[in-house]
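Residue strings, one per chain:
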Amino acid sequence: MTTGFRAEIFLSVSRALIGEVFPSLVAICALVTGPDDFTLHFFLDRDVDDHLEDAISCIETEVIADFARHINIEVEIRTADRPQLPERDAFWIFYRKLE
């Protein structure tokens, strides 16, 4: 996994989140799974509904648009009040302050 690809993912998702962070979003992390593949894990503090799926889809679309080359993004949505990284090589992009 290249540090450059991780940086591209981080910057792209950070940009896509501008004006798109919704109240039930707790955290987002990414895991690089191949040279042009990665998974975004969205952690919510409540069950997902159609509105939340649409909001996450908008973020995903913005991320895809940032890459000139073909990339494969998998999105996983989980409910977790205090999320943990799903794998050791995953990295945080967004994490809401928890009380």
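Note: the structure precedes this text.
Below: a short report on this structure. These numbers come from a predicted model, not from an experiment.

Some thoughts on the overall build of the protein
So, step 1. In terms of regular secondary structure, the protein is built from two helices and four strands.
So, step 2. The order of α-helices and β-strands along the protein, N terminus first, is α-β-β-α-β-β.
So, step 3. In terms of its C-alpha atoms, the protein occupies a principal-axis envelope of roughly 35 × 25 × 20 Å.
So, step 4. For the protein, the proportion of its 99 residues judged to be buried stands at 37%.
So, step 5. Sequence-distant contacts, at least 24 apart, represent 68% of the contacts inside the protein between residues at least 6 apart.
So, step 6. For the protein, the accessible surface area stands at approximately 5800 Å², while carbon and sulfur atoms represent 50% of it.
So, step 7. Between the mean site of the 9 positive side-chain charges and the mean site of the 19 negative ones, the protein shows a separation of 9 Å.

A word on the packing of helix α1 (residues 3–16) against helix α2 (residues 50–66)
Between two packed helices, what matters for the description is the angle formed by their axes and the separation of those axes.
So, step 1. Across the interface, α1 lies against α2 with an axial gap of 9 Å and an inter-helix angle of 135°. In terms of their interaxial angle, α1 and α2 are classed as oblique. In terms of crossing hand, the pair formed by α1 and α2 is right-handed. Judged by residue contacts, Ser12, Val13, Arg15 and Ala16 of α1 engage Ile59, Glu62, Val63 and Asp66 from α2.
So, step 2. Tallied by class, the residues present in the contact of α1 with α2 amount to four nonpolar, one polar and three charged.

About the cut-offs
- Residues numbered from 1 in each chain as written.
- Predicted model: local features only at pLDDT ≥ 70, side-chain atom pairs only at ≥ 80, totals over all residues.
- Heavy atoms only, no water.
- Helix = DSSP H or I, 4+ residues; strand = E, 2+ residues; numbered from the N terminus.
- Buried < 20%, exposed > 50% of the residue type's maximum accessible area, 1.4 Å probe, protein only.
- Contact = heavy atoms within 4.5 Å.
- Areas by Shrake-Rupley, 256 points an atom, 1.4 Å probe, with all protein chains shown as cover.
- Lys, Arg positive; Asp, Glu negative; His and termini not counted.
- Charge placed at Lys NZ, Arg CZ, Asp CG, Glu CD.
- Axes fitted to C-alpha atoms, helices over the stretch in contact; angles between N-to-C directions.
- Parallel < 35°, antiparallel > 145°, perpendicular 65-115°, else oblique.
- Left-handed = near helix turned anticlockwise from the far one by under 90°.
- Nonpolar A, V, L, I, M, F, W, Y, C, P; charged D, E, K, R; others polar.

The quantities given are spatial measurements derived from coordinates; they are silent on function.
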